[in-house]
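Listed below, chain by chain, are the residues.
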Amino acid sequence: MAKTLKLILGDQLNSRHSWFKKKNPDEWYLMMEIRQETDYVNHHIQKVTAIFQSMRLFAQWLKHEGHQVIYLKIGDKENFQNLEENIRHIISKKEISNFEYLFPDEYRLDIQLKNLCNSLGIKSGTCDTEHFLSDRLEVKEFFKGNKKFLMEPFYRYMRKKFDILMEGEKPVGGKWNFDHENRKKLPDNVVVPPPPDFQNDVTTLVDAIQAAGVHTIGEIIPSDFRWPRDRDQALRVLNHFCKKLLPDFGNYQDAMHDQNAYLFHSKLSFALNVKLIHPLEVIKAVESCWRENPKKYALPQVEGFIRQILGWREYMRGIYWAHMPGYGKLNFFDHQKDLPEFYWTGNTRMNCVGHAIRQSLDHAYAHHIQRLMITGNFALLAGIHPDQVDHWYLGIYIDAFQWVEITNTRGMSQFADGGLVGTKPYVSSSNYINKMSNYCNSCFYDQKKKFGDKACPFNSLYWAFYEKNKDKLFNNPRIGFVYKSLDKMKNKEALLQQAEAYLKQVNDL
Ligand code: FAD
Ligand code: SF4
């Protein structure tokens, strides 16, 4: 019988995949912890640990189910630390005549595996990961002939395709999108329920990662590690979210608070991205909450959450496959500055930026608005090179994989694609940050001041950004009002000088 080797990457831990339905004595599954994957950017220790932990348990589960598994640990002697050499070595050692892999989500791995197969000299094949709700090229097809790829029409198409929150051909509640009801600041008296009560001890694994010399960033408490490690724990996170957090999800989706990192967010992105759970089971669970108890689960909360997964997540993946590899080089504003040092330490007097960064270093997590309107906003206003911004986001977040990181960072946050994903740059002065958070209350800077001693940097940088990029943004119909205000501004020169002074000493802010 022909011997087959089947590769499973670290973010392909889908236990319900059709591959695992049958056992075959001539088939081996290959999984590997490799420096190629730990070292392509500076990764957070929690990200490396969470992925390896889930991989090890997945391999154990496969063995328990009766499959044959070859698992290379990070410190193993016969681990060549890259995909290609490991695969070649095992093919020759086991006399494999057929190699198969699941479609990778990342372009660089897609190319690497295609090239490898072309040179292996044995039969090879591919298979879908059976995880996403749209094909790689479905977004590209959907927007064929259009210049703009707006998320909303694609989201509506997906709602119909999967019959989610629909009454026949119409959206339930008479509206597709309840976004404008999802923008409340967190009141002082709101109690955020504690997280689900599992905790994992990853001490041995963290020791192994450190012993192998992997360079990481961020903190970890190895005896109390709370990212879900398998399908069972991922389902507990989902269940906890549905019971305790979903009723308030939409209300406080955009709120930020210096005492709570997670608020009413689900923390499901890691489990989803490594495929411990399927997006449709998350969406269906959330939709059922509303169908069974619409009083507890108001439609705006439920629709707001479903839109993130059925809409944004699938759309971002489609944008990625429609535009890679070129997307990874886009730099619409030609930004060239280095990422300030405080992105690696959180040591800045800007309370909002310092908090969002320290929280990211502590938990490998920040929610969407912290990523978009604090760290991303500052990087864009400060003119940081998108490559450096991308590398930071790709390394620091537990859920960061290029297909969803780069479209959010380079696209939505840095507008480096010139408006493919977003209709205008996501920048703000301190007004928005003050409206959505309690950060400004205890900041060194004065939120209300635009220039002068202790003036909030976001205020002058915001206007200077628009002034500097007038030729690129003036004709954007969503921005006209900004230039009208800028023209009328009495203290424009003082403001621009303040911004220039701040940018000169950005590391001291
Ligand atoms: P929730 O707020 O509970 O949302 C539920 C789910 O919706 C998430 O788990 C996620 O799967 C999905 N989702 C929400 N927003 C988006 C979005 N914009 N794009 C794709 N999926 C979305 N998400 C990642 O999974 N990986 C990344 O590397 C990543 N990088 C980002 C970088 C920037 C600059 C920004 C602005 C956003 C990024 N996001 C990324 C999207 C979003 O911030 C995270 O998905 C979310 O914060 C994860 O936390 P959660 O699971 O508690 O999300
Ligand atoms: Fe951030 Fe400015 Fe508010 Fe300080 S005052 S927290 S720098 S927005």
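In what follows, the accompanying structure is described. Everything numeric in this text was worked out from a predicted model, so none of it was measured.

Conventions adopted
- Each chain has its residues counted from 1, following the order in which its sequence is written.
- All chains are assigned letters beginning at A, and all ligands numbers beginning at 1, according to the order in which they are written.
- Selection of residues for local features in this predicted model requires a pLDDT of at least 70, selection of side-chain atom pairs for listing and counting requires 80 or more, and totals for whole chains, interfaces and linings are taken over all residues.
- Only hydrogens and water are set aside when side-chain values are computed; all heavy atoms of the structure are taken into account.
- Nearness of a residue to a molecule or strand requires only that one of the residue's heavy atoms be within 4 Å of it.
- Pairing of N or O atoms within 3.5 Å defines a polar contact, subject to two protein rules: one partner must be a possible hydrogen donor and the other a possible acceptor, and residues neighboring in sequence count only if both atoms are side-chain atoms.
- Here, Shrake-Rupley sampling with a 1.4 Å probe gives the accessible areas, and only protein chains in the shown set may cover a residue.
- In DSSP terms, a helix is any run of H or I states spanning at least four residues, a strand is any run of E spanning at least two, and both are numbered starting from the N terminus.
- Under this grouping Gly is polar, as are all residues other than the nonpolar Ala, Val, Leu, Ile, Met, Phe, Trp, Tyr, Cys and Pro and the charged Asp, Glu, Lys and Arg.
- Each reported salt bridge corresponds to a side-chain nitrogen of Lys or Arg within 4 Å of a carboxyl oxygen of Asp or Glu.
- Think of it in three bands: residues with accessible area under 20% of the maximum for their type are buried, residues over 50% are exposed, and the middle band is partly exposed, with areas taken using a 1.4 Å probe on protein chains only.
- The contact rule is simple, with two residues in contact once any of their heavy atoms fall within 4.5 Å.
- Definitions used throughout: a 1 Å grid over protein atoms alone; a cavity as a set of points that fits a 1.4 Å probe which cannot get out; a pocket as an open set with protein on both sides within 12 Å along at least five of seven lines; a lining residue as one with an atom within 4 Å of a point.
- Cavities and pockets are treated as containing a molecule whenever more than half of the molecule's atoms lie within 2 Å of their grid points.
- Axis angles are defined between N-to-C directions and span 0 to 180 degrees, where every axis is a line fitted to C-alpha atoms and, for a helix, only to the segment in contact.
- Less than a right angle of anticlockwise turn of the near helix away from the far helix marks a crossing as left-handed, whereas a clockwise turn marks it as right-handed.
- Nonpolar core, defined: a set of buried Ala, Val, Leu, Ile, Met, Phe, Trp, Tyr and Cys residues in which side-chain atoms within 4.5 Å join the residues together.
- The pairing criterion is simple: DSSP has to find at least two bridges between the two strands.

1. Considerations on the site of ligand 1
In the vicinity of ligand 1 there are 29 residues, among which His265, Ser266, Lys267, Tyr365 and Asn408 approach most closely. One nitrogen or oxygen atom from the side chain of Asn273 is found 2.9 Å from an oxygen atom belonging to ligand 1. Between an oxygen atom of ligand 1 and a side-chain N or O atom of His368, the distance comes to 3.4 Å. With the chains in place, 99% of the 810 Å² that ligand 1 exposes on its own is no longer accessible. Top element by residues in the shell around ligand 1 is helix α11 (residues 299-323). It accounts for six residues. Taken together, the residues of the shell around ligand 1 sort by class into 14 nonpolar, ten polar and five charged.

2. Notes on the pattern of salt bridges
The tally for this structure, following the rule as stated, stands at 23 salt bridges. The shortest N-O distance in the salt bridge between Glu467 and Lys492 comes to 3.4 Å. With a gap of 25 residues between them, Glu467 in helix α17 (residues 457-468) and Lys492 in helix α20 (residues 492-504) connect regions that are remote in the sequence. Under the relative-accessibility criterion, Lys492 is labelled buried at 18%. Where Glu500 meets Lys504, a salt bridge forms, and the shortest distance between an N and an O atom there is 3.7 Å.

3. Examining the side chain of Glu27
Here Glu27 lies in strand β2 (residues 27-32). Assessed through its relative accessible area of 11%, Glu27 is described here as buried.

4. Here we look at helix α14 (residues 386-396)
With eight of its eleven residues buried, α14 lies for the most part within the structure. Considered for burial, the residues of α14 that qualify are Pro386, Val389, Asp390, Trp392, Tyr393, Leu394, Gly395 and Ile396. Its buried side turned inward, α14 meets β3 (43-44), α2 (45-64), β9 (216-217), α12 (351-363), α13 (368-381) and α15 (402-413).

5. Observations regarding the site of ligand 2
Taken together, Met350, Asn351, Cys352, Ser430, Ile433, Tyr439, Cys440, Cys443, Tyr445, Gln447 and Cys456 form the complete shell of residues around ligand 2. Given that more than half its atoms are within 2 Å of the pocket grid, ligand 2 belongs to the second largest cavity. Broken down by class, the residue content of the shell around ligand 2 amounts to eight nonpolar, three polar and no charged.

6. Description of the packing of α2 against helix α7 (residues 203-211)
Between α2 and α7, whose axes approach to 10 Å, the crossing angle comes to 115°. For the pair α2 and α7, the crossing hand works out as right-handed. Here Ile45, Val48, Thr49, Phe52, Gln53 and Arg56 of α2 come into contact with α7, specifically with Leu205, Val206 and Ile209.

7. Looking at the nonpolar core
If you look at the biggest cluster of nonpolar residues, it comprises 153 residues, and the most contacted ones within it are Phe378 and Tyr466. Grouped together as the second largest cluster of nonpolar side chains are 21 residues, Leu5, Leu9, Ile91 and Leu116 included.

8. Quick look at the sheet that holds strand β5 (residues 98-102)
By way of backbone hydrogen bonds, the strands of a sheet pair with one another, either parallel or antiparallel. Spatially, the five strands line up as an open sheet ordered β4-β2-β1-β5-β6, and their pairing is parallel. Edge strands, defined here as strands with exactly one partner in the open sheet, are β4 (69-72) and β6 (123-127). With direction set aside, neighbouring strand axes in the sheet form an average angle of 20°. In this structure, strand β1 (residues 4-7) lies alongside β5, joined through four bridges in parallel fashion. Among the inter-strand pairings, Thr4 is bridged to a residue of β5, identified as Asn98. Along the sheet, helix α4 (residues 107-120) makes contact with β1, β5 and β6, crossing β5 at roughly 170°.

9. Looking at unusual backbone geometry
Cis geometry marks the peptide bond from Met324 to Pro325; its omega dihedral reads 5°. Topologically, Pro325 is positioned in the loop between α11 and α12. We note that Glu130 has phi near 55°; this positive angle belongs to a residue other than glycine. Within the secondary structure, Glu130 sits in the loop between β6 and α5 (138-142). Its relative accessible area of 32% is what places Glu130 among the partly exposed residues. Positioned with a positive phi, Asp163 is a non-glycine residue whose angle comes to about 50°. By the secondary structure assignment, Asp163 is in the loop between α6 (151-161) and β7 (166-167).

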